[in-house]
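Results of the structural survey
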Amino acid sequence: MKKTIQINIGGSVFFIDEDAYQTLARYLETIKQYLANNEDRDEIMKDIELRIAELLLEKRTSEIHAISLH
């Protein structure tokens, strides 16, 4: 059984497995580093997180309880 983690992204709460969390965290950190010198970095990151949340909400069904890499 995989460990699940509760996250809040884009104002929505999701349960994701540990592997998916690590992948998402690395992805977001890579984007932050890329935008390090951009004065709009915080706003861009917020928009990216909102879009990720929208995509996850579209995929959410009553059968899915946690997001995984599968």
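Now for a description of the structure that goes with this document.

1. Some words on the nonpolar core
Membership of the largest hydrophobic core comes to 13 residues, with the highest contact counts inside it found for I7, I9, F14, I16, L24, L28 and I52. For this core, the secondary structure elements donating two or more residues are β1 (4–9), β2 (12–17), α1 (18–34) and α2 (41–59).

2. A closer look at the pairing of β2
Relative to β2, β1 is paired through six bridges, and the arrangement is antiparallel. Paired with N8 across the bridge in β2 is V13. Counted between consecutive antiparallel strands, the loop separating β1 from β2 contains two residues, among which G10 sits at a positive phi close to 60°.

3. Looking at the packing of α1 against α2
Axes are the key here: two packed helices are described by the angle between their axes and the distance separating the axes. Closest axis-to-axis distance for the α1/α2 pair is 10 Å, and the angle between their directions is 150°. Comparing their axes, α2 and α1 come out roughly antiparallel. Handedness of the α1/α2 crossing: right-handed. Packed against α1, whose contacting residues are L24, Y27, L28, I31 and K32, the element α2 presents R41, M45, I48, E49 and I52 at the interface. Taken together, the residues of the contact of α1 with α2 sort by class into seven nonpolar, no polar and three charged.

Conventions adopted
- Residues numbered from 1 in each chain as written.
- Predicted model: local features only at pLDDT ≥ 70, side-chain atom pairs only at ≥ 80, totals over all residues.
- Heavy atoms only, no water.
- Core = buried A, V, L, I, M, F, W, Y, C linked by side-chain atoms within 4.5 Å.
- Buried < 20%, exposed > 50% of the residue type's maximum accessible area, 1.4 Å probe, protein only.
- Helix = DSSP H or I, 4+ residues; strand = E, 2+ residues; numbered from the N terminus.
- Pairing = 2+ DSSP bridges.
- Axes fitted to C-alpha atoms, helices over the stretch in contact; angles between N-to-C directions.
- Parallel < 35°, antiparallel > 145°, perpendicular 65-115°, else oblique.
- Left-handed = near helix turned anticlockwise from the far one by under 90°.
- Contact = heavy atoms within 4.5 Å.
- Nonpolar A, V, L, I, M, F, W, Y, C, P; charged D, E, K, R; others polar.

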